[in-house]
Amino acid sequence: MAQYAPHVYTDPMTIALLETLAGELPVRARVLLVLDDGARVAGTVAVRPVLEHFADHDECTGVNATVRLDDLVRISQQHMLWLDSVRQVLRLPVVEAS
């Protein structure tokens, strides 16, 4: 059974860009992601994104990845985002427990 993504990529340059983005999102990193549409999502990376094979709505195959963030304010809230929708990764400072 195929997994589906809204967009898949086979171009080596785009795949390299996705791999670079994934490398900027290690587990437990606190980040602010700026998305294609200008939206911003802040959270802690729960699982490091890994490129996987998907099919798109035309059944073309390629790669993409998801990013799972735990919300910084509402701990029980999780955000699942497609890696290709991320335009910028901004690292946030770590808050020390008092």
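Conventions and cut-offs
- Residues numbered from 1 in each chain as written.
- Predicted model: local features only at pLDDT ≥ 70, side-chain atom pairs only at ≥ 80, totals over all residues.
- Heavy atoms only, no water.
- Core = buried A, V, L, I, M, F, W, Y, C linked by side-chain atoms within 4.5 Å.
- Buried < 20%, exposed > 50% of the residue type's maximum accessible area, 1.4 Å probe, protein only.
- Helix = DSSP H or I, 4+ residues; strand = E, 2+ residues; numbered from the N terminus.
- Contact = heavy atoms within 4.5 Å.
- Salt bridge = Lys/Arg side-chain N within 4 Å of Asp/Glu carboxyl O.
- Polar contact = N/O pair within 3.5 Å; in protein donor to acceptor, adjacent residues only side chain to side chain.
- Phe/Tyr/Trp six-rings, centres within 6.5 Å; stacked < 30°, edge-to-face > 60°.
- Expected span 1.5 Å × (residues − 1).
- Arc of directions from axis to C-beta.
- Pairing = 2+ DSSP bridges.
- Axes fitted to C-alpha atoms, helices over the stretch in contact; angles between N-to-C directions.

Peer 1: Kindly report on the nonpolar core, identifying the contributing residues and their values.
Peer 2: Judged by nonpolar contacts, the single largest core of 17 residues is most densely connected at Leu-25, Val-31, Leu-33, Leu-69, Leu-83 and Val-89. Elements that contribute at least two residues to this core include exactly helix 1 (12–23), strand 1 (30–35), strand 2 (40–47), strand 5 (66–71) and strand 7 (86–91). Excluding its chain neighbours within four sequence positions, the residues that come into contact with Leu-69 are Val-31, Leu-33, Val-41, Ala-42, Gly-43, Thr-44, Val-45, Gln-77, Gln-78, His-79 and Leu-81.

Peer 1: Tell me about the pattern of salt bridges, and please be specific about residues and values.
Peer 2: Pairs can form between side chains of opposite charge whenever their charged atoms are close. In the structure shown here, the tally under the stated rule is two salt bridges. In this structure, Asp-36 and Arg-87 form a salt bridge, with 2.2 Å as the shortest nitrogen-oxygen distance. One end of the pair, Asp-36, is in the loop between strand 1 and strand 2; the other, Arg-87, is in strand 7, with 51 residues separating them in the sequence. For Asp-70, the salt bridge identified is with Arg-68, shortest N-O distance 4.0 Å.

Peer 1: Describe the side chain of Ser-85, with residues and values.
Peer 2: As for its placement among the helices and strands, Ser-85 is situated in the loop between strand 6 (78–82) and strand 7. Looking at Ser-85, its side chain comes within polar contact range of the main-chain oxygen of Trp-82, at 2.6 Å. Those residues in contact with Ser-85, other than ones at most four positions away along the chain, are Val-34, Leu-35 and Asp-36.

Peer 1: Help me get a handle on the environment of Val-47, residues and values and all.
Peer 2: Here Val-47 lies in strand 2. Non-local contacts of Val-47, meaning those with residues more than four positions away in its chain, are made with Val-27 and Arg-68.

Peer 1: Tell me about the packing of aromatic side chains, and please be specific about residues and values.
Peer 2: If you walk through the whole model with that rule in mind, you get one aromatic pair. With a centroid separation of 5.2 Å and 80 degrees between ring planes, the pair formed by Phe-54 and Trp-82 is classed as edge-to-face. Taken together, the residues Phe-54 in strand 3 (residues 52–55) and Trp-82 in strand 6 connect sequence positions 28 residues apart. The exposure class assigned to Trp-82 is partly exposed, which follows from its relative accessible area of 24%.

Peer 1: Requested: an account of helix 1, with residues and values cited.
Peer 2: Because the α-helix completes a turn every 3.6 residues, residues three or four places apart line up on one side. The end-to-end C-alpha distance of helix 1, which contains twelve residues, comes to 16 Å, matching closely the 16 Å that a straight helix rising 1.5 Å per residue would cover. Looking at helix 1, one finds that the buried residues are Ile-15, Leu-18, Leu-21 and Ala-22. Projected onto a plane normal to the axis of helix 1, the buried residues spread over an arc of 115 degrees and lie on a single side. Exposed and facing more than 90 degrees away from the buried side of helix 1 are Pro-12 and Met-13. In this fold, the buried residues of helix 1 make contact with strand 4 (61–64) and strand 7.

Peer 1: Give a detailed account of the sheet that holds strand 2, specifying residues and quantitative values.
Peer 2: Strand order in the open sheet made by the five strands is 6-5-2-1-7, with antiparallel pairing throughout. Edge strands, defined here as strands with exactly one partner in the open sheet, are strand 6 and strand 7. Geometrically, the sheet is characterised by an average inter-axis angle of 45 degrees between neighbouring strands, direction not taken into account. As paired elements, strand 1 and strand 7 share five bridges and run antiparallel to each other. In the strand pairing of strand 7, Val-31 is matched with Arg-91.

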